[in-house]
Each structure stands twice: as structure tokens, then as C-alpha cells.
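Observations on the three-dimensional arrangement
Residues per chain are reported as follows:
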Amino acid sequence: MTKDKGKYYITTPIYYPSSNLHVGHTYCTVMADAMARFKRLSGYDVRFLTGVDEHGRKIQEIAEKEGMTPQAYVDRIVAGIKDLWATMEISFDDFIRTTEDRHKRRVQEIFKRIYDKGDIYKGDYEGWYCTPCESFWTDIQLKDGKCPDCGRPVEKASERAYFFRLSAYADRLLALFAETPGFLEPETRRNEMIGFIKQGLEDLCISRSSFNWGIPVPGDGEQVIYVWLDALANYVTALGYPEVDGRAGEADLYRQYWPADVHLVGKEIVRFHSIIWPAMLMSMGEPLPKKVLGHGWLLLDGGKMSKSKGNVVDPVRLIERYGVDALKYFLLREYTFGQDGLFTNEALLNRINADLANDLGNLLSRTVGMSGKFQSGKIGKPETGASGTAETPYAAGQGSDGGDPAAPDCPDADLKRLAVGTAAKVETFMDEFAFNHALEEIWTLIRRSNKYIDETAPWILAGEASGKARVNEILYNLAETLRIVSILIRPFMHGSSAEIRKQLGLRGGEAFWDDASVFGKEAGYVTEKGASLFPRLDIGEELDMLAKINPAGDAVPGAEAAPRAPSDSPETGLGRKPEIEYETFDKLDLRVGEVTDCVKHPNADALLIFRVKMGKETRQIVSGVAASWAPEDCVGRKVIVVANLKPRKLRGELSEGMLLFADNGDRYEFVTADAPDGEKVT
Ligand code: ME8
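So, a few notes on the structure that sits alongside this text. (Residues numbered from 1 in each chain as written. Predicted model: local features only at pLDDT ≥ 70, side-chain atom pairs only at ≥ 80, totals over all residues. Heavy atoms only, no water.)

Attention now goes to the overall build of the protein. Helix and strand content of the protein: 20 helices and 30 strands. Taking the intrachain contacts of the protein between residues at least 6 apart in sequence as the baseline, contacts between residues at least 24 apart amount to 73%. Here the protein displays about 29300 Å² of accessible surface, and carbon together with sulfur accounts for 50% of that area. (Helix = DSSP H or I, 4+ residues; strand = E, 2+ residues; numbered from the N terminus. Contact = heavy atoms within 4.5 Å. Areas by Shrake-Rupley, 256 points an atom, 1.4 Å probe, with all protein chains shown as cover.)

Quick look at the structure:
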């Protein structure tokens, strides 16, 4: 199956828990997660580290303003960050907090080692200080008199402090950039850094005495260690380096995973990672990371989305409404690695509708739907292709097209060729961190598959006695392609991959990357229709909704959708809603349904989840009547269903329609009909 390709250690920046994280942080973490999942799937021994950078003046000031201790403040924010990563199914192996003892003791040990090497000395520092960035700058480094990183005002500050002899490493750093061009990417950043070093590297002030929320300098009660030295060390302290416990195997992880294969960071902190961090490691005599990758920013209204500016998009809101996979897909597909990109609601919604609902969602529902309709859900592996060739597993690079050899351009051959060739293209793009191109390749296959359905038109063949074997073959080819797609999208959209596999009946059995290059692997499929993967959105409606969402303390989106008919007031009587034309009423498709199952919603006390049979179709409908009905009392009831209401998710559960109830102010009563389920209500 998959080969052991060695180790792969990837890290994200450790974020400041100064407030909740926004979509920009999510962007970086989602990229790292996709890469970690991709590497694991393709046979690497992966270590994925993320965490939080909890010290520094900024955090201390915010906590004081909130009337809390810094520790209590960061504990609160970090709990939210961990929840966010859990919701987003971020597959990190370790989450480091710089307030943890395992980190603090090792940072002090690193300080001592650099000191003992003669690279730390005490002196007076005077310079321009940028508080938000926790950085000192020299006159020439300022840009228009302001912080060159964030553009904000700086203030003169003077401190008795410890210094790191960064200047002593200028030549070795220049040699690093010259000899290892892949050390820092993209190239524009490398050139910037080379320019920065050539301008003259000053020694770095690495302690502070003006506040105390930090790791104390060993043997000096007055000073705390500079937050960047503290933070950068996380990449090794989390691996148990340097050894401070005297415990056997303490630094085993370090020996196994260091040096890091990739430090993934935003472009504004490339300087810390490609100059200060390597110089620290050089001083410690330890190997350097293999690569620092600087990604671009997500912008809002032309400016950087940023906590301190307050112009942020809350990922939780988007996830609640559209699901984790939609947000992940959007972030990875929409933006080009290394470049800045504008975040707009419209772009997000268009991606969801075009790529996820129309392309991927449709391919699955059409395939599984036709399998149910024409094959009673059972698809056999074709013994002999209807086009005359025996079906054998067909792998990438193999000469045979697996279709009709006399017609190499037949849709079957074309589809199979593309299906088995996509994994290699995805790998190439992933090696370049070109997530958008990797996904584009996968979507080329998905679109080709939808076209294959149109070309082969199984619904016509299904009506012909001689067409049965061909329909089976077409559906087998589609199921195989979807199996391959489920592996290809697995690093990016784990939940959707699992749902596709469930509907294809691929229960149990792990997915292996190598299996994405083989066609004809499964002996057959027993499909099972499930919920629509990505219901189509009404863009206009969603845009209005998103525009209204206020980032601070808004109601949970989706909760308002529980059907609650407005109750009449004595003053207004029955004429409470404005008149409508008959044509408007006629747009409703009302049906009789029968409740076949009913359970409580796992995440919302007010909601019940119904399964409602309407003729041959069974739908899932979520309704806000839990206060009026116990689930077991609903089963077997005849109900009236609004059958053409756009599907939507309510607290994570798909609702494909709406049930009608009479509301007497105290409870909801079922509106019912003494008629067979499926019948129209007019
Ligand atoms: O800098 N677009 O933490 P931080 C894209 N603690 N990515 C963004 C972004 C945006 N608008 N805003 C933030 C720190 N990011 C330090 C790091 S590492 C040893 C210490 C992402 O909370 C991006 O990856 O300010 C950026 O580098 C990181 O969040 C900064 O997070």
C-alpha cells in the first residue's frame, strides 16, 4: 500500500491569544492541516505543531484592562482557540502554550546555552519601540517614521537589557540564503531578507524590564525574556529540547522530527523566522529548519484583516452556517499561496454553489440517486465492459485505456485516464504548496465525471432491455471515480470525503493515497442515499444575511430558522401578514407526508429531527417543536410538508423542507390530512 517516506515536521505560528482568532489565522492553520493530512495519507511520519504565544506586554495590558490576571485572560481565550480547532477538525499532534512549564524551563535553558556561548551580553538599549509588534527598530529601519511591519506609530524607549549578538551571524545568514535557495520562499521574501541583512544587522535586545508577564531571565529577577525569543523556541521545546527533566527519552521527539521540514508563517513574521531563529539555532549549534514559507494576507476592504484593527471575519459564524468543509475548501481554493487575497462573502458563496453544490454535491447525488433508481443500490464490477473489454484494475501510467480499444476517445477511456492521472498532478502541486491548483485538478476530474453522465445518459439506457449491463458499467465507473475523488479530497475536506465513502458503501477500511491511482479496485458497490453534501444557496439571501451579521455577540445563525408562525394579536386579528397574489401561493409545493422516525437534535434543545416519507422519497426535516412533542409521539403521524423549500442546515443538521403546525400560543399541533403520503395538498 503506502510506503514509509520518512518524517515530516510542519508548524504554524503560535498565535497571540490577545483575542479570538479570525479567518486569517484560520487560513494559515487550514493550509498546515491540509499539508499534514496529505503527507500522512501519502506515507509520511508527520508531526504537526501549533499553539499559542501567551507572554508579552500586549497581553498583560489587555488582561489588566479586563480586570483579570494575564494567566486567567489567556486561559479563557486559549480555550476558545482549542474549541475552534476542534470544530475545524485540525489534526495537530501537539498544541504548545508558552505558559506551560515544559516550555518555560527549556527557554531558560536555551537562554543559558546562548549566554554560555558568549552570544548574550548586558547593555543599554535605546530605540524606537512598536508595542503591538513587540519590536525595537533603528532610525533607518523605520518606514516614514513608523513601524516597518505594521505601519503604526512607534515610541522612543530605553532599557537596561540583555542583547543577542545577531550581528555576528550576518555572514553565515547570507551564506545560508546563497547556498540554500529553498530555505525561504517565496523568492520575493528571500530578496527582502538578503537586503535587510546587507543593510547591517544590529544586535537584538532580548529582555525587557518594563513589564513582568514573561519568562524570567535566569538569574536576573528584573528582566523577562523577549517574547519573540520565547516564542520562536516553541518549535523545539515542544519536541523536548533542550533536555531539562533528566528523564530518559525526553528529547526523543526532537531526535525524530527536528529539523522542521516547514515553518509556515505569515509574510510579516518571515524576518523573525529566517533571520533571528536561524541565528539562535546557529548559536545553539543545532540544525536549521529546512524551509520557512511566508504566506500572503487575507485582506478586507483593501487592508489586512487584523485583530488590533478590529476588521475581522469570525470563522465560527461561517462554519455554523456553511460547514467546516465549505470554509476550508474556499480558503484553499480561492487564494494563491504567497500572495495577498481579498476576502469577500460573495466569493465564498459563489465557490460553495459552483464548486461544492453544483459540481461535487451533484456528482454524488446523481450517482447514488441513479444507483438507487436503476440498480436498487447495487453496482457490480463489470465482468466484461459493455464496450467489449474485460475490466481489470487500471493504474496510472498503464498503456491500456480500460475502455473500447477501438475508440480511445470514448468517454469511459477518457474518464479513467483522467481519474488515475489526477493524484500525481495533485502531488506535484502540493509539493509547491499550490493548494488552489491541486484542488483545480481534482475539480477537473469532478466536472469531467458530470459531463460523462450527460454523455452516457444512463436514464435513457435504463429504459431499454439491452441497456442494463451498460447502465451498471457507467455507474461502476462513476462510483470508482467518486472513490478516487474521496481519497483526493481527503486532506482538504475530511468530513465530505467520509460522507462520500459512506454513500458509496465503503464502510471501514482506510483510504490510502496510492489507491487514488487505481481504477477498478472495488469488487462492487452497495450505495446508500444520504443527505445532500452541499445544499445550493440562494446567494442574494445569504449575502443579506452575512451583511447583517455583527461580529460581536450576534445570535447563532440558523437558530432563527426554526419554524415559528407569528401568533396573532387581538388588535390585528387574522390579517397580520400582507396580502399576496395567488401566483405566490401557487409556488408552494405542499405534500402529505408520514413521519417514519423522529429524534432530538444533538445540539439544540428546541429542535427535533424528523424523517418524513412522501411517496418514494424520504426526507430529513428539522423543526422547532421539541417543547411540544416527545419524539416517540410523532412517529406514524401524517403531516403536511412544504416540499420545495430550499434545503438548509439547522445547527449542523440538514433540513429538506418544513412541516406545518398550528400554533395556539402554548404549543404546536400537527397540521394533518387523512390521505396517502406523497399526495399533493392544494
Ligand atoms: O505573530 N491573513 O501571532 P499572531 C492571513 N505570536 N494570515 C493571517 C492574517 C491575515 N489577515 N492575520 C494573521 C504572531 N494571520 C506571533 C507568532 S511564531 C513563533 C509567533 C496569521 O496572532 C499569519 O499566519 O499575530 C500570521 O503570521 C499569524 O497569523 C500571526 O498571528
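Running from amino to carboxyl end, helix H13 (residues 345–375) crosses helix H15 (residues 435–456) at an angle of 45°, the nearest separation of the two axes being 10 Å. By the angle class used here, H13 and H15 are oblique. Considering only the axes of H13 and H15, their crossing is left-handed. Counted together, Asp-355, Leu-356, Asn-358, Asp-359, Leu-360, Asn-362, Leu-363, Arg-366, Thr-367 and Met-370 of H13 and Trp-443, Ile-446, Arg-447, Ser-449, Asn-450, Ile-453 and Asp-454 of H15 form the full contact between these two elements. Residues of the contact of H13 with H15, tallied by class, amount to seven nonpolar, five polar and five charged. (Axes fitted to C-alpha atoms, helices over the stretch in contact; angles between N-to-C directions. Parallel < 35°, antiparallel > 145°, perpendicular 65-115°, else oblique. Left-handed = near helix turned anticlockwise from the far one by under 90°. Nonpolar A, V, L, I, M, F, W, Y, C, P; charged D, E, K, R; others polar.)

Bridge count between strand E9 (residues 207–208) and strand E11 (residues 220–225): two bridges; the pairing is antiparallel. Its bridge partner being in E11, Arg-208 is matched across the sheet by Val-224. Between strand E10 (residues 216–217) and the antiparallel strand that follows it, E11, lie two residues; Gly-219 among them carries a positive phi value of about 75°. (Pairing = 2+ DSSP bridges.)

For strand E12 (residues 262–266), the tally of buried residues reaches five of five residues, placing the bulk of the element in the interior. Where burial is concerned, the two faces of E12 agree: the one with Val-262, Leu-264 and Gly-266 and the one with His-263 and Val-265 are both buried. Where strand E1 (residues 7–15) meets E12, two bridges bridge the pair, whose relative direction is parallel. Bridge pairing links Ile-10 to Val-262 in E12. As paired strands, E12 and strand E13 (residues 292–295) are joined by four bridges and run parallel to one another. Bridge pairing in E13 links Val-265 to Gly-294. Since E12 and E13 lie parallel, the crossover through helix H10 (residues 270–284) that links them has a hand, and here it is right-handed. (Buried < 20%, exposed > 50% of the residue type's maximum accessible area, 1.4 Å probe, protein only. Right-handed = clockwise from strand over helix to strand, strands pointing away.)

Take the nonpolar core next. Of all hydrophobic cores here, the largest spans 108 residues; its most connected members are Phe-343, Phe-433, Phe-435, Trp-443 and Phe-492. When sequence neighbours within four positions are dropped, the list of residues in contact with Phe-435 reads Met-31, Ala-34, Met-35, Leu-332, Phe-337, Met-430 and Phe-492. The next biggest cluster of nonpolar side chains, apart from the first, holds 59 residues, and it includes Ala-170, Leu-176, Val-236 and Ile-276. (Core = buried A, V, L, I, M, F, W, Y, C linked by side-chain atoms within 4.5 Å.)

Across all of its chains, the model carries 26 aromatic pairs by this definition. With centroids separated by 6.0 Å and ring planes inclined at 20°, the aromatic side chains of Phe-164 and Tyr-169 adopt a geometry described as stacked. An identical accessibility class is assigned to Phe-164 and Tyr-169; each is buried. Relative to Trp-443, the ring of Tyr-329 has its centre 4.7 Å away and its plane inclined at 40°; by these criteria the two rings are tilted. With Tyr-329 in helix H12 (residues 324–334) and Trp-443 in helix H15, this pair connects stretches of sequence that are 114 residues apart. In this structure, Tyr-329 and Trp-443 share a single accessibility class: buried. Stacked on the ring of Tyr-8, the Lys or Arg Lys-39 has its end atom at 4.9 Å from the ring centre. Note that Lys-267 overlies the ring of Trp-297, its terminal NZ or CZ placed 4.4 Å from the centroid. (Phe/Tyr/Trp six-rings, centres within 6.5 Å; stacked < 30°, edge-to-face > 60°. Lys NZ or Arg CZ within 6 Å of the ring centre and 35° of its normal.)

Here helix H11 (residues 315–322) lies mainly inside the structure; six of its eight residues are buried. For H11, the complete set of buried residues consists of Pro-315, Arg-317, Leu-318, Ile-319, Arg-321 and Tyr-322. Packing partners of the buried residues in H11 comprise helix H1 (23–41), helix H3 (70–87), H12, H13, helix H19 (539–548) and strand E25 (648–650). By the N-cap criterion, in which a side-chain oxygen at the helix start approaches the backbone nitrogen of a residue two or three places on, H11 is capped by Asp-314, the distance to Val-316 being 2.9 Å. A positive backbone phi angle near 95° is found at Gly-323, which sits one or two residues after H11. (Polar contact = N/O pair within 3.5 Å; in protein donor to acceptor, adjacent residues only side chain to side chain.)

This paragraph deals with the pattern of salt bridges. A full pass over the atoms with the stated rule returns 48 salt bridges. One salt bridge connects Asp-124 with Arg-160, and the closest N-O pair in it is separated by 3.6 Å. Of this pair, Asp-124 sits in strand E4 (residues 120–130) while Arg-160 sits in strand E6 (residues 155–164), and the two are 36 residues apart along the sequence. Classification of Asp-124 by relative accessible area gives exposed; the value is 59%. Salt-bridge contacts for Glu-528 lead to Arg-507; the nearest nitrogen and oxygen are separated by 2.5 Å. Of this pair, Glu-528 sits in the loop between strand E20 (524–526) and H19 while Arg-507 is found in the loop between helix H18 (494–503) and strand E19 (518–519), placing the two residues 21 residues apart along the sequence. (Salt bridge = Lys/Arg side-chain N within 4 Å of Asp/Glu carboxyl O.)

Let us look at a nonpolar patch on the surface. Among the surface-exposed residues, Tyr-582, Phe-585 and Leu-588 lie close enough to one another that they form a single nonpolar patch of about 310 Å² accessible area. Inspection of the secondary structure puts Tyr-582 in helix H20 (residues 582–586). Its relative accessible area of 54% is what places Tyr-582 among the exposed residues. (Patch = residues over 30% accessible without salt bridge, like charges linked within 9 Å, V, L, I, M, F, W, Y side chains within 5 Å.)

Right, let's get into the side chain of Ser-371. Relative to the elements of secondary structure, Ser-371 occurs in helix H13. Ignoring any residue separated from it by four or fewer positions in sequence, one finds Ser-371 in contact with Ser-376, Gly-377, Lys-378, Ile-379, Leu-475 and Thr-527.

Moving on to the site of the ligand. Taken together, 26 residues are adjacent to the ligand, and Ile-14, Asp-53, Glu-268, His-295 and Leu-298 come closest. Between a nitrogen atom of the ligand and a main-chain N or O atom of Ile-14, the distance comes to 2.8 Å. The separation between an oxygen atom of the ligand and a polar side-chain atom of Glu-268 is 2.8 Å. The fraction of the free accessible surface of the ligand (670 Å²) that becomes covered by protein chains is 95%. Sorting the residues of the shell around the ligand by element identifies E1, H1, helix H7 (227–232) and helix H8 (234–237) as the ones contributing at least two each. Per-element tally for the shell around the ligand: the top contributor is H1, with four residues. Grouping the constituent residues of the shell around the ligand by class yields 14 nonpolar, eight polar and four charged. (Near = heavy atom within 4 Å.)

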